[in-house]
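# Fold and geometry: a report
Residue strings, one per chain:
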Amino acid sequence: MLIHPIDYRYGTAEMKYVWSQENRLAKLLQVEAALARAEADMGLIPADSAEIISESISSVKSERVDEIESEIHHDMMAVVTAISEQCRDNAGKWVHFGATSNDILDTATALQIKDAIDILEDKLKTLLGVLVDKAEAHKHTVCCGRTHGQIGVPTTYGLRFAIWASEISRHLDRLHQLTPRATVGQMTGAVGTQAAFGKAGILIQKLTMQYLGIGAVDVSSQIIQRDRHAEFVMWMANTVTTLDKIGIEIRTLQRSEIAEIEESFGKKQVGSSTMPHKRNPIKSEQICGLARIVRAMVEPELLNNTLWDERDLTNSSSERIVFPEACVLTDHILKLGINVIENLRFYPENIRRNLELLRGLNMGEAVMIELAKRGVGRQEAHELVRTAAMKAHDAGQHFKIVLLETPDIARYLTATDIENLVNPDKYIGTAVEQVELLVVKLREAYFL
């Protein structure tokens, strides 16, 4: 019986596999084999026993591990026992030698996080490429800028996409920075002293992690400190919040009364069970909704760092949920984001309509700046334009008409001047150049 929507509705097969029971067991077995090899290298256990342990892990079955756990009620000892059962020549007595459960469990988690990061990084780069392409394609698409939900001076769609691309690039940078901190393993024993390994402990830990291809902690208690994992979870929350922001903007711009852009809508897609005309932005809404769940994982993982003494078990049950859910949903959100942005539909006629909706009032700053350049004090120019704008608004007139009828403005500006000043296409500053510079920078940096 399926209960959680991740099982049947959300997530990609590749990310789900990373956190599957099958892969979890495979990682635990991989760590035990690497430990045995490292201990043999240091002369702590016989080399032939280490070889047998490494060969035997392929014969360990999850069903047998589950059966043992149901009897002894200890997940790690169930794995150790299952491996030992498969070892010939009495080699099983060296399985898990000197280690504590979390040496294996936390190191296996590091391997899973490493795989998850590879998947997330790949999708993030794809999303970045899509945003860069959109920024370049729409660098000349002039549209309304909005603040406080109100139309302001013009901007471009290219600049919007560039801003999002720049933000995604920072998430990639953060991911590269945190990866070596989040993907470390340990072999430090019961409370972190490595006493069971003797003086060989530091080298055993180093060799084990070399075999596994990850870094090693400098120091730890019985567990790897959870500030490392919390940083990764917070990174996911930060990343999906950017997608949430993009989703909110797309939903806003798809409102019927704005209608500048639209999510792709399938030929047979249904928008409502009762309103047949509906074309709802359901993908963007899903992004925004699931982002809330990922953000909700931050506090539990922060609290997983506040354990009693060298450790307790309160982190374990929480992380069985936090890690897979946060990773699967983040991956799902990125996939959705790529699909939405790549297939956006633009409605140029509505973009132009909205630019002209205020009858030139949105060009007040351009008029004010030009008046200031021509000798009117900036503050005086602001008041002249503000007064004219309020008059045009109340009278329902085009702004340029009121400007021409205002003597203190017409003294400085001709009809041609005003016509040019209220043209939104002529007031986008360096928007195009900013986009072009960013596109070059990101393509060079990320080989897009």
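Only a predicted model underlies this, so the values are computations on that prediction, with no experimental measurement involved.

### Looking at the packing of helix H7 (residues 101-137) against helix H8 (residues 157-182)
- At a minimum axis distance of 9 Å, the contact between H7 and H8 shows a crossing angle of 160°. Classified by the interaxial angle, the pair formed by H7 and H8 is roughly antiparallel. Both H7 and H8 take part in a crossing whose hand is left-handed.
- Grouping the amino acids of the contact of H7 with H8 by side-chain chemistry returns 18 nonpolar, five polar and three charged.

### Considerations on helix H3 (residues 21-41)
- The terminal C-alpha atoms of H3, which comprises 21 residues, lie 31 Å apart, in line with the 30 Å expected from a rise of 1.5 Å per residue.
- Gly43 lies just past H3 and shows a positive phi near 75°.

### Focus on the packing of H8 against helix H10 (residues 227-253)
- One can describe the packing of H8 onto H10 by two numbers: an axis separation of 9 Å at closest approach and a directional angle of 170°. Looking at the two axes, H8 sits roughly antiparallel to H10.
- By residue class, the composition of the contact of H8 with H10 is 12 nonpolar, five polar and eight charged.

### Focus: the UniProt feature "domain: Adenylosuccinate lyase C-terminal" (unreviewed entry) in the chain
- Mapped onto the present numbering, the UniProt feature "domain: Adenylosuccinate lyase C-terminal" (unreviewed entry) falls at residues 359-439.
- The span residues 359-439 shows a helical share of 67% and a strand share of 0%, and its end C-alpha atoms are spaced 34 Å apart.

### Observations regarding the packing of aromatic side chains
- This model, assessed by the stated rule, comprises six aromatic pairs.
- For the ring pair Phe161 and Trp164, a centre distance of 5.5 Å and an interplane angle of 85° mean the geometry is edge-to-face. Note that Phe161 and Trp164 are positioned in helix H8 at a spacing of three residues, about one turn of the helix.
- Residue Phe161 is classed as buried on the basis of its relative accessible area of 2%.
- The rings of Tyr157, Phe161, Trp164 and Phe346 are connected pair by pair, giving a single aromatic cluster.
- Just above the ring of Tyr211 sits the side chain of Arg37; from NZ or CZ to the centre is 3.9 Å.
- Across the ring face of Tyr157, the terminal group of Arg160 is positioned such that the distance to the ring centre comes to 4.9 Å.

Quick notes on the rules
In this convention, every chain numbers its residues from 1, walking through the sequence in written order. The predicted origin of the model limits local features to residues at a pLDDT of at least 70 and limits the giving and counting of side-chain atom pairs to 80 or more, whereas totals for whole chains, interfaces and linings rest on all residues. Processing note: side-chain calculations cover all non-hydrogen atoms of the structure and skip hydrogens and water entirely. Helix axes are fitted to C-alpha atoms over the stretch in contact, other axes to C-alpha atoms as well, and angles between N-to-C directions run from 0 to 180 degrees. The way it works is that DSSP assigns letters per residue, a run of H or I at least four long becomes a helix, a run of E at least two long becomes a strand, and they are numbered from the N terminus. These descriptions rest on fixed angle ranges, namely under 35 degrees for roughly parallel, over 145 for roughly antiparallel, 65 to 115 for roughly perpendicular, and the rest for oblique. Crossing chirality is assigned from the near helix's rotation relative to the far helix, an anticlockwise turn below a right angle marking it left-handed and a clockwise turn marking it right-handed. Residues are grouped as follows: Ala, Val, Leu, Ile, Met, Phe, Trp, Tyr, Cys and Pro are nonpolar; Asp, Glu, Lys and Arg are charged; all remaining types, including Gly, are polar. Any helix carries an expected span of 1.5 Å times its number of residues minus one. UniProt positions are given in the numbering used here, feature names are shortened, and annotations may be inferred rather than shown by experiment. Any pair of Phe, Tyr and Trp rings, taking the six-membered ring for Trp, is counted once the centres come within 6.5 Å. Such a pair is stacked with planes under 30 degrees apart, edge-to-face with planes over 60 apart, and tilted for the rest. Categorising residues by exposure relies on relative accessible area from a 1.4 Å probe, with only protein chains included: less than 20% of the type maximum marks a residue as buried, more than 50% marks it as exposed, and the intermediate range marks it as partly exposed. To sit over a ring, a charge needs its Lys NZ or Arg CZ within 6 Å of the ring centre and within 35 degrees of the ring normal.

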